[in-house]
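# Understanding the architecture of this molecule
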Amino acid sequence: RAFKANFGPALKLWLIFLIPGAALTVDILLLLSLPSGAVWILAIVCLLAAFELLVFGYAFPLAGIFENDIRSTLKNAVLLSIVKLPVSILIAVINAFPLFVFLYDPTAFYASLYVWVGIYFSAAAFLISRLLRSVLQPFLPDNGSKEGES
C-alpha cells in the first residue's frame, strides 16, 4: 500500500527535479565549451545545480515519511537543506560521489561497477539514512519509547 500511495507524489518529485536538472546539465556542458569569459555564468549554474542536489537529498525521504503536498515537501526540503547545511553537504557528496568518479575516470568506474552495485549503493543508503535520522528525529512521532531509552 505504501508503494501505491507514494508513487504519484514521488513521480511528480522526480519530474520536478529531472527537468531543471537536465536544463542545468545542458547549461553546464554548453558553458564548458565556451571561452573562459563565461566562468561567472558557469559558477552560478553550478551553484544552482548544487542547491538542487542539496534539496534532492531531503525531498524523497520527506515525501515518504510525512504526508504533505508536493509544495510543502519541497519547502521543507529547502528549509532543512539550509538549516542543516553541513549534514546536507555530506548527503549531497554521498549522493554525487559515483557521478564524480564517473566524470573523473569512466574506465575505472566501469571496471569497478560490481563494487558500486554490490557495496557502495547499500552503504550510501545506510549512511544517508543515519544522517537523515539525526536531522528528522525531532519531527518524528514518538514510537512509545520511554525517556532514557534509545
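As a reminder, the structure under discussion sits directly above these lines.
Values in this document were obtained by computation on a predicted structure and should not be read as measured data.

### Some points on the overall build of the chain
Summing up its helical and strand segments, the chain has six helices and zero strands in all. Order of helices (α) and strands (β) in the chain, N terminus to C terminus: α-α-α-α-α-α. Dimensions of the chain, computed from C-alpha atoms along their principal axes, come out at roughly 60 × 35 × 30 Å. Residues classed as buried in the chain amount to 26% of the 150 residues present.

### Brief notes about the packing of aromatic side chains
Applying the stated rule across the entire model yields 13 aromatic pairs. Note on F56 and F60: the rings are 5.2 Å apart at their centroids and 70° apart in plane angle, and the pair reads as edge-to-face. Placement of both F56 and F60 in helix α2 (residues 39–65) is noted, with a separation of four residues, approximately one turn of the helix. When its relative accessible area of 23% is taken as the criterion, F56 is described as partly exposed. Look at Y120 and F121: their rings are 5.7 Å apart centre to centre, the planes differ by 70°, and that puts the pair in the edge-to-face class. Using a relative accessible area of 43% as the deciding quantity, one classes F121 as partly exposed.

Definitions and cut-offs
Residues numbered from 1 in each chain as written. Predicted model: local features only at pLDDT ≥ 70, side-chain atom pairs only at ≥ 80, totals over all residues. Heavy atoms only, no water. Helix = DSSP H or I, 4+ residues; strand = E, 2+ residues; numbered from the N terminus. Buried < 20%, exposed > 50% of the residue type's maximum accessible area, 1.4 Å probe, protein only. Phe/Tyr/Trp six-rings, centres within 6.5 Å; stacked < 30°, edge-to-face > 60°.

Just geometry here; none of it tells us what the structure is for.
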